[in-house]
Structures are given as structure tokens and as C-alpha cells.
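Spelled out from the first residue to the last, the chains are:
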Amino acid sequence: MRLRAFNFKNLPPLLKPPKPQFSSSTATPRHFSTEPQNPPPPTPPLQFSEDHKHTIPQIVSLLQTTSPDEWPTNTHLHHLLLSASPHSLLKITRQLGSLQKSLQFFDYLKNDYPSDSSPTSPPAPLGISPLSFAFQAVLEHAVREEDPKSPAKLLELFNFSKEQNVPLSLNSATLLIKLFGRAKMCDESVTVFSELRPDLRNIHVVNLLLDSLLKSGRIDDALKMVDKMLKSQLNVQPNDTTMDTVLSAFFTRNWSGRNVREEEIIGIVSGFGEHGIFPDSVWLTQLVSKFCRSGKCDKAWEVLHMVMRLGGELNAAPYNALLTGLGKENDFRRMNLLMIEMKEKDISPDVKTFGILINHLCKCHRVDEALETFKKMRGGNEGDEVCVVPDVVVCNTIIHGLCKVGRQEEGLKFMGNMKLEHGCMPNTVTYNSIIDGFCKAGEIERAFELFERMKKDGVEPNVITLNTLVDGMCKCERVGSALEFFDKMEEKGLKGNSTTYSILITAFCRSNNIDKAMALFDQMSQSGCPSDAIVYYSLISGLTRAGRLDDASSFVSKLKKAGFCLDIITYNVLIGGYCRKNKFEQAYEIFKDMEHAGVKPDRVTYNTLVSYFCEKGDFETAHRLLKKMMQYRFLPNVVTYGALIHAYCKAGHLDEAMKIFKEMNSSLKVSANNVIYNTLIDALCKSDKVDVALSLMDDMKEKGVRANTTTYNAMLKGLRERNWLEKAFKLMDEMTEKACNPDYVTMEILLEWLSAVGQTEKLRRFVQGYEVSASVP
DNA sequence: GGGGTGAACA
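Treat the numbers as computed from the prediction; the structure is a model and nothing was measured. Residue positions within a chain follow its written sequence, with the count starting from 1. All chains are assigned letters beginning at A, and all ligands numbers beginning at 1, according to the order in which they are written. With pLDDT at 70 or above as the cut-off, local features in this predicted model cover only qualifying residues; side-chain atom pairs require 80 or more to be listed or tallied, and sums for whole chains, interfaces and linings still use all residues. The side-chain figures draw on all heavy atoms in the structure; neither hydrogens nor water molecules are used.

Chemist: Before we go on, may I ask you to explain the environment of proline 238 in this structure?
Modeler: Within the secondary structure, proline 238 is located in the loop between helix 11 (219-230) and helix 12 (240-251). Taking the C-alpha atoms as reference points, proline 238 and asparagine 202, 36 residues apart in sequence, are found 9.6 Å from one another. For helices the rule is a DSSP run of H or I covering at least 4 residues; for strands it is a run of E covering at least 2, with both sets numbered from the N terminus onward.

Chemist: I would appreciate a short explanation of the packing of aromatic side chains in the present structure.
Modeler: Stacked, tilted and edge-to-face are the three classes assigned to paired rings of Phe, Tyr and Trp, where Trp is represented by its six-membered ring and a pair needs centres within 6.5 Å; plane angles under 30 degrees give stacked, over 60 edge-to-face, the rest tilted. Under the criterion given, the structure shown has 26 aromatic pairs. Ring centres of phenylalanine 451 and phenylalanine 485 lie 5.8 Å apart, and the angle between their planes is 80°; on these two criteria the pair is classed as edge-to-face. Separated by 34 residues along the polypeptide, phenylalanine 451 in helix 23 (residues 444-456) and phenylalanine 485 in helix 25 (residues 479-491) bring together distant segments of the chain. As far as burial versus exposure is concerned, phenylalanine 451 and phenylalanine 485 are alike and both buried. For the ring pair phenylalanine 521 and tyrosine 536, a centre distance of 5.0 Å and an interplane angle of 65° mean the geometry is edge-to-face. Taken together, the residues span a long stretch of sequence, with phenylalanine 521 in helix 27 (residues 514-526) and tyrosine 536 in helix 28 (residues 533-545) at a distance of 15 residues. The pair phenylalanine 521 / tyrosine 536 is uniform in exposure class, with both members buried. The criterion for a charge sitting over a ring is simple: Lys NZ or Arg CZ within 6 Å of the ring centre, and within 35 degrees of the ring normal. Above the plane of the ring of phenylalanine 250 lies lysine 290, whose end atom (NZ or CZ) is 4.3 Å from the centre. Remark: exposure states derive from per-residue accessible area (1.4 Å probe, protein chains only) relative to the maximum for the residue type, with buried under 20%, exposed over 50%, and partly exposed in between.

Chemist: Looking at this structure, I do not really get the packing of helix 21 (residues 408-422) against helix 22 (residues 428-440). What am I missing?
Modeler: What describes two packed helices is the angle between their axes and the distance between those same axes. The convention used is that axes are lines fitted to C-alpha atoms, helices contributing only their stretch in contact, and that angles between N-to-C directions extend from 0 to 180 degrees. Running from N to C, helix 21 and helix 22 point in directions that differ by 160°, and their axes come no closer than 9 Å. Here helix 22 runs roughly antiparallel to helix 21, going by the angle between their axes. For the crossing formed where helix 21 meets helix 22, the hand is left-handed. Seen from helix 21, the contacting residues are Gln408, Glu409, Gly411, Leu412, Met415 and Met418; seen from helix 22, they are Thr430, Tyr431, Ile434, Gly437 and Phe438. Here the angle decides the label: under 35 degrees means roughly parallel, over 145 means roughly antiparallel, 65 to 115 means roughly perpendicular, and every other value means oblique. By convention, the crossing between two helices is left-handed when the near helix turns anticlockwise from the far helix through less than a right angle, and right-handed when the turn is clockwise. Contacts are residue-level and defined by heavy atoms, with any inter-residue pair within 4.5 Å sufficient.

Chemist: What should I look at first to understand the protein's contact with DNA strand B in this one?
Modeler: Here a residue is considered near a molecule or strand provided that any single heavy atom belonging to it is located within 4 Å of it. Around DNA strand B, 39 residues are found, and the nearest of them are Trp283, Ala317, Asn320, Asn396 and Asn467. The protein-proximal atoms of DNA strand B, defined as those within 4 Å of the protein, are 38% sugar or phosphate. Within the side chain of serine 281, a nitrogen or oxygen atom sits 3.3 Å from a base nitrogen of DNA strand B. Polar contact is defined as a pair of N or O atoms within 3.5 Å, subject to the rule that within protein one atom must be able to donate a hydrogen and the other to accept it, and that residues adjacent in sequence are counted only when both atoms are side-chain atoms. Between DNA strand B and threonine 397, the relevant distance is 3.4 Å, taken from a sugar or linking oxygen to a side-chain nitrogen or oxygen of the residue. Of all the secondary-structure elements, those providing two or more residues to the surface near DNA strand B are helix 14 (281-293), helix 16 (316-328), helix 18 (351-363), helix 20 (392-404), helix 22, helix 24 (463-475) and helix 26 (498-510). Taken together, the residues that form the surface near DNA strand B break down as 11 nonpolar, 17 polar and 11 charged. Under this grouping Gly is polar, as are all residues other than the nonpolar Ala, Val, Leu, Ile, Met, Phe, Trp, Tyr, Cys and Pro and the charged Asp, Glu, Lys and Arg.

Chemist: Would you explain the packing of helix 20 against helix 21 in this entry?
Modeler: With their axes 8 Å apart at the nearest point, helix 20 and helix 21 run at an angle of 165° to one another. On the basis of the axis angle, helix 20 is roughly antiparallel to helix 21. Helix 21 is crossed by helix 20, and the crossing has right-handed handedness. Two secondary-structure elements touch here, helix 20 through Val392, Cys395, Asn396, Ile398, Ile399, Leu402 and Cys403 and helix 21 through Gln408, Glu410, Gly411, Phe414, Met415, Met418 and His422. Class assignment for the residues of the contact of helix 20 with helix 21 results in 9 nonpolar, 4 polar and 1 charged.

Chemist: Sorry, what's going on with the confidence of the model for chain A here?
Modeler: Detailed reading of predicted coordinates is not advised where the pLDDT is low. Confidence of the predictor at the level of single residues is given by pLDDT, which spans 0 to 100. Counting all residues, the mean pLDDT for chain A is 86, and 91% of those residues have values of 70 or more. Every residue in residues 114-126 scores below 50 in pLDDT, and together they form 16 contacts with partners more than four places removed in sequence or on other chains.

Chemist: How do you make sense of the state of the cysteines when you look at a structure like this?
Modeler: The disulfide criterion used throughout: a pair of cysteine sulfur atoms within 2.5 Å. Going through the model one piece at a time under the given rule, you end up with 0 disulfides. Unpaired in this structure, cysteine 297 has its nearest cysteine sulfur neighbour in cysteine 292, at a distance of 3.7 Å. Cysteine 424 supplies the cysteine sulfur nearest to cysteine 395, a cysteine that is in no disulfide, at a spacing of 3.6 Å. Here cysteine 395 falls in the buried class, since its relative accessible area comes to 0%.

Here it is as C-alpha cells:
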């Protein structure tokens, strides 16, 4: 009867507490027995003596071959069980094969040997009830038959054990917490833990509870527990797994609770360190790079040095991660410090360490130092302490660095020596770098030669090769050939990606073929090529610059529908576009949208708005914006002042323009560029202040600002008004000397003026590139 | 049990 309650086929309910009839004092016959009239002889209390191995199979076979109803009256079984230890009981129950059978056996033990586990008797102060072991095996069977996502049977069994006052064995508790944890049943895990006798708790079960708490987002509870452990208030010593558990929580984004903060992690790692537990190299590297990636190199530095201070063993990997982070922040000082430290601590830099350093030097255009470092790495010079074998990545870094500064021929030579001198084969990245080098230098033919060579050498071109060549052709204004090449490659099976489309869309917009650019966007969508935000930015910018703001706006909507956001650059492009169209309302709409999206306006945004109000002659608003801009710590730059100066000149307030010019040079420490000089020189000449304009030209030379054709045109126009021939000849000589080519404006000014005064010979020499004042009149 | 650090295209 009782056993029916355990029949899991009758779900639900799964388990009902057996009626309190299992007490030994119950007179009711509890089993259908074949010999009810012959009650079994009184059995001595079970003495779980030393294990007899051979008795286990005997007991198991007896249990398997007889009906559970017969067990209570089976004296043979009883006697066999007398010699079984608690651990044998566990083994026996395990071997019963099913949850149902094991439960029947548990039930038999529970009811027929109450002396050991009566519900009223307290648990043994030492050791644990033999029943707990049998129950553990029951749980193990349940686990096997359970759906791990919703362990309903386990929960029911756990409640059953509480009702039956069968204390949990350590392993039972472990099992339950593990499964409840996996099923995100954190409350149940906590209850199991609290049911487990405190003296039985070990670090393993604590770790599982910790994991359960963290996985269900109860970060504060988990951290409190860790804190107690670290302060030795929990009677268990933390181990490596404890720290691993906490660290993994730091790395997985937790949606149900809050995330673990950097400061907390540092505190915890330090606490563990004081217990002699350190994150291994992989963890530490991960920590360091996560800190660095979220812009907290200081924290990364702190955690690495803390581990080192407390005696953790370190290798190059976490140092490499920190070097990368510092490199991104351009913190050369601390990079050097770190290298010195590695040497002091006898931590050998590896090929990646050198890769990071070389890459950083290349990014700063310090290619010769990069080559020097590469030599040093190889231990080429006497006295070099290290000898690291280069790999293809570090070779590629060098080659890329050379190509980026226009030394692609050297890069090519380096690639030629890679195999013989450095023992590594060029790969796709190697070729891509050099192809890009030739493309950027405008040497498309050389780039294609290399493209052919790579195929011949069995190096597979990839989508970046394709994009590099397409971009190269676009930059040489061969947009049509670029598109043809793209089509041809797609036919051959080399598919383009969103970058290919971004390149082409930008190029077609720039060559004023907006419709083709839009068609390409459609082609991309239809070909099933996944788009990214940048391809939208390319088209939106192109449309805006072409003045097609309605189209741009419709692509902004499409971008948002696709789940992307505008970036600050595209926001600025749009604001500028509306301002140029004199549609301030719409520009302001974009500005508000930007604020709403949480994108902060930058100096370019303010400059755009300042320029707009300047252009309109609304100096009051322009200055108000200028003030606001400075409040937000965006210092006005040469563009800002340029807009103001230009606007004041245009409005005829030349003195105001000069005032700003003088201010920016002296007190504001912003040096004027040639645009500003040109504006002022032009305005001064037009107001008949040719002397002042000439002195500004001298000022330019002094400050090292290069005069261009516009500068000379403006000045020559002024000189023509005054008919200052000698000065004009001097300027013409300067133009020749500085290889500053005259344009049609120059020619217009000079042709009219010099013909009128009979100096056409000077003009002829000037056009031919000779100095004019040295010529014979 | 799985987890980290350096290279190419807009």
C-alpha cells in the first residue's frame, strides 16, 4: 500500500508522505504476507558491521528476485543485511536498477529497522544514519530518470526526506544543490544547504551553492558568502573552484541580477590571494583584458600587480594583455615600465609580447624602431638577451607597418625573405597588406601582379583581398572597373560582404552617382548579404553630402528598423547637411534625436552649429553656443575660429575678425591654418589694407603655415588694385620656388594686369616655371 | 569544463 505512493507513473502527486503506520509499534499487518499467522522472529537491531564484499551481490539478487511485500518476513535477507555497512547499503541501493525499486527498498529499511532511524531519534552526532546512504542512492536513481531542466522528482524526494526526518548525506545535498542550481532553482538549493548538518558541509557543496546563487543573479548573497569564507567565518576553506566560480560570474552577463563590478572582483581576487589562491594565467589574462577593453587599464594594472605582490605565479600572457590595453591608450611610459618589470621578475617575453610592441610602434609610424625591435627579438645582435622565433603574425605586423608608411617595396622584400630568414610562409594577410600598400600608393597594376602571384603560390585570396583591390580601384577613380572586378570575383565564388558594399557605395556617392549607390544597397539586401551599421552610414553620408536629405532620412529610418544606431559622425553629417540647406528645424530634430539616443554632441557638432549661426550673421547665438561648448569642455579649435573669422569678414566686421585672430594666436594658443590666413588676406585686400595683408603673409612664413594658390590669388588681386608690380613679381617667384601652381584665377588676374602694363614676357616665363624678377625686363 | 594576449579592407 505504502509503495503505491512511490509509483511515479501516477504523477502527480509524486510522493505522498506515508501514513504514520511505519512505526514498529503498529499492530496492523503492513504487508500481504504468505504467512501472516507466523510472524517473523524478533529481529536484532541492525548492526552495520564491516563490509563483506560477497554479501552485496547476494542481497541485491535477493531483492531483485523477491517481491517487496516479502522482504519484511525474509529472515535471510534480514541476516544478510546485518553484516552490511552503511556504505554497502549505498552500493546495494544503487544496484537495484530503478528509482521505484530503490524507493521500495528504502521504505523497507525505514519501516523495518526503526531503531536506527526513528523519526524522533536525533541524528547521530558523529557519522550519519545508514538510511541517509540508502536515500542518497534513491536520489541518484531519480537523477538518472529526471529531466534536468525541471527536477520535480528530486524536489519531491527532498521534501519527503524532510518529512521523514532522514538527514541528508553530504553527497545527497551535493547532488540536490547541483541539480537545483542547474535548473535555476536557487531557493531550493539554499534550503538543501540549510538542511545539511553544518559539520558535514565541505567546500565542494559550498561552491555549488555559490554557483547556484550566482547563476540566478543573487550576486549580493553570493558575495556575502564569499566574504564570510575569506574572513574564515564559514568553517570551510575556499579553493580554486571557489574562485573560478566567482570569476565566471564576472564574465557572464547576468540578466536576472546585477553584474559583478570591477572593484568587487579586485577585492575578491585580493582576498583569495591572501589565502594563497590565485587565478591561473588564463583567468588573469581574461581579467586584465576585460578591464582594459572597458577602458580601465588602471584596474588591470592594479589586479596584475596585486596578484604578483601576493605571490601568484605569472607568465607572459597577462602582461601581453595589459601591454595591449596600454598600447590602445598610447601609454608608452607604462608599457616600458611593464617591460622592465618583466625582465626584473624573470618573465620571458614571448613572440606575442614582441608582436604587441612592434604593432604599437608601427601604429605610431615608428617603423624603424619596430624593425629594430624585431631584430632584437631574434637575438641578432651580440648582447641581446632574448631569442624568440618569429612567426607569421609578427612578420605580417612588420610588413603592414612598412606598407602603411609607403615603404611597400621594403615590405615586398621582407616577404621574399620570410621563408628563408624567418622560417615562416607568407599567408593571405601578408599578401593583403602588400596589395593594400600598392593600392594606397596608386600602383594598381603592381597590386594586381601580387594578386596573381598569391594565387600562383597557392595562397587563397579572401574577402579582404577583394575589398582591398576594390577600394584601390575606387580611390583611383576607377569605380566602374572596381564594380566589374567585384562581379567577376563573385562569379568565381569569392563573395563580397558589407564592407565591399560600403566601399562601392561611398565611391559611387563621391562620383555623384547616387542612384547607383542606392541600387547597390538594394543589391546587397537582395543577395542576402548581412548588412552592418557602416554600410548604412556610408549611404546616409553620401546622400546627405549630395543634398538628398529626404533619401538620407529614409535610410536613417531603415537603419533604425534594422536595429542599428547612428554614430556621432553620421549625426554630425546629418546636422551639417540640414544646416547647409538652411533647414535648422530639421537639424535641431536630429540634434534632439541624438541626445535622446544617448550620443553626446562633440566638438564637430558644436562647430557645425556655430558655423551655421555665423553664416546667418547671428553672432549672438554663435557666441552663446561657443560659451556652452566651452562649458562642456570642448575647447574651440581652428575650425571654430575659422567659422567666426570667415563670418565676420563676410559681414564686413574686419576689425572683429582680426581681434579674434589675434586672440586665438596669443591667449588661446590655437594656431591659425592657411584657410584662416586666406580669409583674412582676401578680406584685407578687398578693404584696401594691402599692407596689413602683406604683413600677414610674412606672419604665415614665420609660423610655418604654407601659403597655397588661394593665398597668392587673394594677395595678387590686392596688389593689382594698387598696381604694386614689384611685390607681385616677388610673389610670383615665390610660387615658382615653392612649386605652388597657378590656377585659372591666377591667370585671369595676371593676364589682364600684366598685359595692361606691358609685362607679358614676365607672365610667359612664369607659366613656363622660371623666376620672373631675375629675368631681363 | 572552458576560459586569454599580437597581423589585413571602409
